Amino acid sequence: MTTTACFIIVSRNDIPIYEAEVGSAGKKEDAAQLHQFILHAALDIVQDIAWTTSAMFLKAIDRFNDLVVSVNDDGIKSFFQEVHELYIKILLNPLYLPGSRITSSHFDAKVRALARKYL
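Throughout what follows, the structure given in this document is the object of discussion.

## What about the nonpolar core?
The tendency in soluble globular proteins is for nonpolar side chains to be buried as a group.
Part 1 of the argument: Of all hydrophobic cores here, the largest spans 18 residues; its most connected members are Phe 7, Ile 9, Tyr 18, Phe 79, Ile 102, Phe 107 and Val 111.
Part 2 of the argument: Secondary-structure elements contributing two or more residues to this core are strand 1 (4–10), strand 2 (16–23), helix 2 (75–92) and helix 3 (105–118).
Part 3 of the argument: Among all residues touching Ile 102, those that are not within four sequence positions of it are Ile 9, Ile 17, Tyr 18, Tyr 87, Ile 90, Tyr 96 and Phe 107.

Structure below.
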């Protein structure tokens, strides 16, 4: 079975500022648009759930055909913590404009390495 994970950082204005697809599944031409569609649908659900629960980690968020938006194990917590530290380092860079796309190849390589390690 081939798996793929799509990790997206979304700005305060619901604009994706970083996207990484990791895993062993082959890339599809329309995968980026499909991931954007699923992301925005899942964000709507998370926004609704946020008003009803105080939980910080939600196990299953949404399902679209055979794609699931979820947190599947405890490694994801470590992944998010380490990516959060990387993101803070990006924000501390005086040349980075908050809310703009993250184009750093170093950031991308680190996120992909963390994804291989934890996901």
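So, next bit.
## Side note on helix 3
Part 1 of the argument: Its 14 residues give helix 3 an end-to-end C-alpha distance of 20 Å, which sits within 8% of 20 Å, the value for a rise of 1.5 Å per residue.
Part 2 of the argument: Within helix 3, burial applies to Phe 107, Val 111, Leu 114, Ala 115 and Tyr 118. Buried positions in helix 3, seen along its axis, are confined to an arc of 105 degrees and lie on one side of it. Of the residues in helix 3, the exposed ones pointing more than 90 degrees away from the buried face are Ser 105, His 106, Arg 116 and Lys 117.
Part 3 of the argument: Where helix 3 starts, the residue carrying a side-chain oxygen 3.3 Å from the main-chain nitrogen of His 106 turns out to be Ser 104.

## Some points on the environment of Leu 114
Part 1 of the argument: Counting through the fold element by element, Leu 114 comes out in helix 3.
Part 2 of the argument: Separated by 34 residues in sequence, Leu 114 and Phe 80 place their C-alpha atoms 9.2 Å apart.
Part 3 of the argument: Not counting residues within four places of it along the chain, the set of residues in contact with Leu 114 comprises Phe 79, Glu 82, Val 83, Leu 86 and Leu 119.

What counts, and at which threshold
- Residues numbered from 1 in each chain as written.
- Predicted model: local features only at pLDDT ≥ 70, side-chain atom pairs only at ≥ 80, totals over all residues.
- Heavy atoms only, no water.
- Core = buried A, V, L, I, M, F, W, Y, C linked by side-chain atoms within 4.5 Å.
- Buried < 20%, exposed > 50% of the residue type's maximum accessible area, 1.4 Å probe, protein only.
- Helix = DSSP H or I, 4+ residues; strand = E, 2+ residues; numbered from the N terminus.
- Contact = heavy atoms within 4.5 Å.
- Expected span 1.5 Å × (residues − 1).
- Arc of directions from axis to C-beta.
- Polar contact = N/O pair within 3.5 Å; in protein donor to acceptor, adjacent residues only side chain to side chain.

Purely geometric numbers; function is a separate question.
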